[in-house]
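Observations on the three-dimensional arrangement
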Amino acid sequence: MTVLPPLSVLDLATVEADGTIADALAHSVALAQTAEQHCYTRIWYAEHHNMPSIASSATAVLIAHIASQTQRIGLGAGGVMLPNHAPLLVAEQFGTLAELHPGRIHLGLGRAPGTDGATFRALRRTHEAAERFPSDVLELQQYLSEDLPRAAVNAYPGRGTRVPLTILGSSLFGAQLAAQLGLPYSFASHFAPQLLTTAVQHYRANYVPSAAHPTPYVSAGVNVVAAETDEAAERLFARAELDRVRRFLSRGRDQELTADEAAPLLDTPAGIEIRNMLTHTAIGGPERVRAELAAFAKFADVDELVTVHAAPTREEQLASVRFTVSAA
């Protein structure tokens with residue numbers, strides 16, 4: 001059996017066109033339970049706002065719910081967009097989770113707003129907040145540590161929990177910061193593949209060891225479409241690719257494009273740009289998909305794979321999670 005690095009899952013809590021948010025959250029429970037049963041290391045939830053198709057905006061609340069419905073799997077924000085929040089509040093939220101579920105909570109931190117400009121303003125944040133990201137990370141670390149508080153401010157819960165932090169990114173900025181602070185780094189290559197190897201190489205070459213992380217640690221996102229056979233997976237990927245183009249090009253329209261309307265757009269400049277986001281995708285039956293994941297891990301020089309199962313239906317997504325680890 002092909003040996004793989006630890007596998008995680010990124011769950012966007014996607015709301016189907018004919019479904020509800022409650023349906024999406026119920027599926028997130030089923031996905032986490034399936035990943036746990038099949039020995040995935042962690043499952044991550046990303047903060048997005050003002051997106052009707054994504055139900056993971058309140059990451060801490062969702063993690064609390066999933067933790068109550070699972071037993072062992074690690075659960076993390078992948079990530080909290082720190083410019084949207086006061087570090088003290090993040091420390092209190094994730095400190096509470098860590099006290100309730102010891103050893104299971106992880107916190108990925110991103111600099112992007114995770115939304116559009118109007119929603120960024122509705123969050124009462126300013127663009128200068130992104131410039132404070134490095135100092136905010138340090139402040140958050142302080143709140144989660146056992147050090148004495150500065151200026152009589154502390155996080156309760158939070159202090160002493162040492163919730164593990166990971167810096168997220170899709171450019172050199174995150175790689176530079178993670179290396180400088182001696183923190184794990186996660187690259188969003190599941191949708192932004194261009195700078196993957198450059199960022200990872202920079203991170204490893206410039207890593208400054210820390211007490212908590214004496215050696216560098218890299219994870220990277222990779223799309224996965226696994227099915228019973230290679231042929232079935234290829235058909236599934238074709239549907240998933242078309243659905244992705246359809247959804248992206250439907251943004252801002254009063255009515256979503258149908259599959260028939262989206263099909264002629266696959267080879268337009270916009271369609272090609274969207275399809276290129278899926279550059280790093282493992283497609284196949286159990287044996288081939290694991291071989292492709294192993295090849296990607298070696299190419300990217302990573303310690304952990306964050307899998308994004310891009311199947312178009314809930315049942316096919318759960319099957320992809322299972323087939324990925326079922327090769328004998």
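Structure shown above.
Residues numbered from 1 in each chain as written. Predicted model: local features only at pLDDT ≥ 70, side-chain atom pairs only at ≥ 80, totals over all residues. Heavy atoms only, no water.

1. Points about the overall build of the chain
Secondary structure summary: the chain contains 13 helices and nine strands in total. A compact globule built from 328 residues would reach a C-alpha radius of gyration of about 20 Å, and the chain, at 19 Å, matches this within 12%. Between the averaged position of the 25 positive side-chain charges in the chain and that of its 34 negative side-chain charges there is a distance of 4 Å. (Helix = DSSP H or I, 4+ residues; strand = E, 2+ residues; numbered from the N terminus. Rg over C-alpha atoms; globule rule 2.2 N^0.38 Å. Lys, Arg positive; Asp, Glu negative; His and termini not counted. Charge placed at Lys NZ, Arg CZ, Asp CG, Glu CD.)

2. Some words on the pairing of strand β9 (residues 304-309)
With six of its six residues buried, β9 lies for the most part within the structure. For strand β1 (residues 7-11) and β9, the ladder comprises three bridges, and the chain directions are parallel. Following the sheet pairing, Leu 7 is matched in β9 by Leu 305. In this structure, strand β7 (residues 218-226) lies alongside β9, joined through six bridges in parallel fashion. Bridge assignment links Ala 220 to a residue of β9, and that residue is Leu 305. (Buried < 20%, exposed > 50% of the residue type's maximum accessible area, 1.4 Å probe, protein only. Pairing = 2+ DSSP bridges.)

3. Brief notes about the pattern of salt bridges
According to the stated counting rule, one finds 14 salt bridges in the structure shown. Of the charged contacts in the structure, one is a salt bridge between Asp 303 and Arg 204, with a shortest N-O distance of 3.0 Å. On the criterion of sequence distance, the pair formed by Asp 303 in the loop between α12 (286-300) and β9 and Arg 204 in helix α8 (residues 196-205) is long-range, its members being 99 residues apart. Accessibility expressed as a relative area gives 25% for Asp 303, which makes it partly exposed. With a shortest N-O distance of 3.5 Å, Arg 288 and Glu 292 are connected by a salt bridge. Highlighted residues: Arg 288 and Glu 292, both in helix α12, separated by four residues, approximately one helical turn. With a relative accessible area of 27%, Arg 288 lands in the partly exposed category. The network of salt bridges with shared partners includes Asp 230, Glu 234, Arg 288 and Glu 292. (Salt bridge = Lys/Arg side-chain N within 4 Å of Asp/Glu carboxyl O.)

4. Some words on helix α13 (residues 314-324)
Burial in α13 covers these residues: Arg 314, Gln 317, Leu 318, Ala 319, Ser 320, Val 321 and Thr 324. If you follow the buried residues of α13, they end up packed against β1, α1 (21-37), β7, α12 and β9. (Contact = heavy atoms within 4.5 Å.)

5. Section: the packing of aromatic side chains
Tallied over the full model, the rule gives four aromatic pairs. Geometrically, the ring pair formed by Tyr 185 and Tyr 203 is tilted, given 5.5 Å between the ring centres and 35° between the ring planes. Pair noted here: Tyr 185 is in strand β6 (residues 185-187) and Tyr 203 is in helix α8, with a separation of 18 residues, a long-range link. With respect to class, Tyr 185 is no different from Tyr 203; both count as buried. (Phe/Tyr/Trp six-rings, centres within 6.5 Å; stacked < 30°, edge-to-face > 60°.)

6. Remarks on the side chain of Glu 47
Mapped onto the secondary structure, Glu 47 falls in the loop between β2 (42-45) and α2 (59-68). With a relative accessible area of 2%, Glu 47 lands in the buried category. Engagement of the side chain of Glu 47 in a polar contact is seen with the side chain of His 49, the distance being 2.6 Å. (Polar contact = N/O pair within 3.5 Å; in protein donor to acceptor, adjacent residues only side chain to side chain.)

7. A closer look at unusual backbone geometry
The step from Gly 78 to Gly 79 runs through a cis peptide bond, and the omega angle for that step is 10°. Turning to its location among the elements, Gly 79 is positioned in strand β3 (residues 74-81). Each neighbour pair has its own omega, and for Tyr 156 with Pro 157 the value is -5°, a cis peptide bond. Summarising the element assignment, Pro 157 is placed in the loop between α6 (133-144) and β5 (165-169). A positive phi is found at Arg 162, a non-glycine position, where the angle reads about 50°.

Functional significance is not addressed by these values, which are geometric in nature.
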